[in-house]
Amino acid sequence: MSRKYHVATTVNGDEYEYLCEPQQTLLDILRDELMLTGTKEGCGTGDCGACTVMVDGTMICSCLMLAVEADGRKVETIEGMAKGEELHPLQRSFLELNGSQCGICTPGILIAAKALLDRNPDPTETEVRYWLAGNLCRCTGYDKIIRSVLAAAREMRGA
Amino acid sequence: MISLKYEAPSSLGDAIALLARASGTSRVLAGGTDVIVQMETDLIEPDLVVDIKKIPELREIAMENGGFRVGAAVTGMELTHHQAFCNAWPGVVDGVKLIGSMQIKGRATMGGNLCNASPAADSVPALIAAGAIARVAGPDGTRDVPVEGIAIGPGKTSLRKGEIVVSFLLPPRPPHSGDAYLRMTPRTEMDIAVVGVGVNVTLDADGVCTAARVSLGAVAPTVLLVEEAGAALAGTRLDGPALERLAQAAAAACRPIDDKRGTREYRIKVAGVLARRAAALALERARQHQ
């Protein structure tokens, strides 16, 4: 057995402490220890983006970060996107425009899309498509995903 | 049974000591976008992982004697947001921007891209064309190694036990210099280079090329520095005949494999075509560079 490592981290503004083994990924801990199962595992090798989370303001694949590396960092997951009962404009837009089909890719896409709109409130369709290139949808509903992001961007700009 | 130890030292000396005295398999962890995949897919079962991201000199971008020193564990995202670096080395940045998705670039580093020693690593041809020097620190001290001296085969490096790539030095940029990196992939994003070409040129005030370096990726067991291809450009205005000689020299240097991503013949043909296009882009940038 590997020794266990004590980690103190902040997830969606709440402080958490956990014990992890060094080979466990942040994704493993989010889902299996902290029971934050909104973050999904798709490929487990960084190709699909289903496990996208923000760490200290940078979006990453949580399957490619060791849980022990999260010590002292700020993690944001899909569970922190809505303010209580009030959905984020991106979440509303995905609901209204059917941007979500089976839903497995949706949390990762919402996190990635929010990261884009936080830095660029008025992206072109091409910019959205390139930014989301690392988020795969196997239902292949890309068109509705892109439209949902662009509609949310318009709403957030007040346009 | 897995018995893995994770260490995250805050000094270079401690990191080197840990790696130097380790028995069994050890790995340096920078962005983890290769190492963690290899661990998850059981390609490697390390006994020790040394996370180098808490070591200050691996995380800095600084000016040094008119050039840039870039820490080996600076992420792709951090580098592509460094405006002065992007202005000086757009070709290196082109290469970094092609490393995986935005999520991957949030973690991936040039040091890791080099030390993973894939012949298709996207940042390496541009670094070699740039004349970048890797600073390597180890139990016997520090040595400076041209980037083309690090990888010696797929997945293999010339680094000795306990050695770490600390940083890259990119030389000062004379006026009228430009670089470019282009790669051929069937998809525009999220793919692995079938061929990659880095070109770096400097012109004199009359537009004549005074120095040129050309590097090819994914056409040999390691990324190649092709001196004949650089020589084909030096002393010319990068006109038609010079670009033709460049394309021939690039194609002649290829020793590619046949695989699902491209046949040998295709890679050789594309190497010449891409070299020409990368040289044209580097030329355009050199003309705009003050």
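Keep in mind that this is a model prediction, so the values were computed, not measured.

**Describing the overall build of chain B**
Phase 1: Assigned secondary structure in chain B consists of 11 helices and 14 strands.
Phase 2: Computed over its C-alpha atoms, the radius of gyration of chain B comes to 19 Å, within 12% of the 19 Å expected for a compact globule of 290 residues.
Phase 3: Seen through its principal axes, chain B has C-alpha atoms that stretch 60 × 45 × 35 Å.
Phase 4: If you take every contact in chain B between residues at least 6 apart in sequence, the share linking residues at least 24 apart comes to 66%.

**Description of the domain arrangement of chain A**
Residues and elements named next belong to chain A.
Phase 1: Split into domains, chain A comes out as domain 1 (5-80) and domain 2 (89-157).
Phase 2: Just the C-alpha atoms count here: the centres of domain 1 and domain 2 sit 21 Å apart.
Phase 3: On the domain 2 side, the residues contacting the 13 residues of domain 1 number 11 residues.
Phase 4: For the side of domain 1 that touches domain 2, the element with the most residues is strand β3 (residues 52-55), which contributes three residues.
Phase 5: Counted by class, the side of domain 1 that touches domain 2 contains seven nonpolar, five polar and one charged residues.

**As for the sheet that holds strand β12 (residues 195-203) of chain B**
Residue and element names in this part refer to chain B.
Phase 1: With antiparallel pairing, the four strands of this open sheet are ordered in space as β11-β12-β13-β14. Of all strands in the sheet, those bounded by a partner on one side alone are β11 (177-184) and β14 (224-225).
Phase 2: In terms of strand pairing, strand β13 (residues 209-217) meets β14 through two bridges, oriented antiparallel. The residue of β14 that forms the bridge with S215 is L225.
Phase 3: Each of β12, β13 and β14 is contacted by helix α10 (residues 240-253), which is oriented at about 35 degrees to β13, the strand it contacts most.

**A closer look at the interface of chain B and chain A**
The extent of an interface is frequently quoted as the accessible surface area lost upon association of the parts.
Phase 1: Taken together, the contact between chain B and chain A spans 25 residues of the former and 24 residues of the latter.
Phase 2: Listed by contribution, the elements that provide at least two residues to the side of chain B that touches chain A are β1 (5-7), α2 (35-40), β3 (48-51) and α6 (102-105) of chain B.
Phase 3: Considered class by class, the residues forming the side of chain B that touches chain A number 12 nonpolar, eight polar and five charged.

**As for the environment of S23 of chain B**
Phase 1: By the secondary structure assignment, S23 of chain B is in the loop between α1 (12-21) and β2 (26-29).
Phase 2: Residues S23 of chain B and A151 of chain B lie 128 residues apart in sequence; the distance between their C-alpha atoms is 23 Å.

**Details of the confidence of the model for chain B**
Phase 1: Across chain B, pLDDT averages 96, with 99% of residues at or above 70.
Phase 2: Two numbers describe this predicted complex: its pTM, 0.96, and its ipTM, 0.95.

**As for the domain arrangement of chain B**
Residues and elements named next belong to chain B.
Phase 1: Domain boundaries assigned for chain B yield domain 1 (5-51), domain 2 (57-170) and domain 3 (177-288).
Phase 2: For the side of domain 2 that touches domain 3, the secondary-structure elements that each account for two or more residues are α5 (90-97), α8 (124-130) and β8 (151-153).
Phase 3: The element contributing the most residues to the side of domain 2 that touches domain 3 is α8, with six residues.

Rules used in this analysis
The residue numbers shown here count from 1 along each chain, following its written sequence. Note on labels: chains are lettered from A, ligands numbered from 1, in written order. pLDDT decides what is reported in this predicted model: residues at 70 or higher carry local features, side-chain atom pairs at 80 or more are listed and counted, and totals for whole chains, interfaces and linings draw on all residues regardless. Elements are defined by DSSP. Helices are runs of H or I of four residues or more, strands are runs of E of two residues or more, and each kind is numbered from the N terminus. The atom set for the radius of gyration is the C-alpha atoms, and the globule formula is 2.2 Å times the number of residues raised to the power 0.38. Working definition of a contact: two residues with C-beta atoms, positioned from the backbone, lying within 7 Å. Where each domain begins and ends is defined by an automated method or by a domain database. By the convention adopted, Pro, Cys, Tyr, Trp, Phe, Met, Ile, Leu, Val and Ala count as nonpolar, Lys, Arg, Asp and Glu as charged, and the other residues, Gly among them, as polar. Any two strands with at least two DSSP bridges between them are considered paired. All axes here are fitted lines through C-alpha atoms, helices being fitted over the stretch that makes contact, and every angle between N-to-C directions spans 0 to 180 degrees. The quantity known as pLDDT measures the predictor's confidence residue by residue, on a range of 0 to 100.

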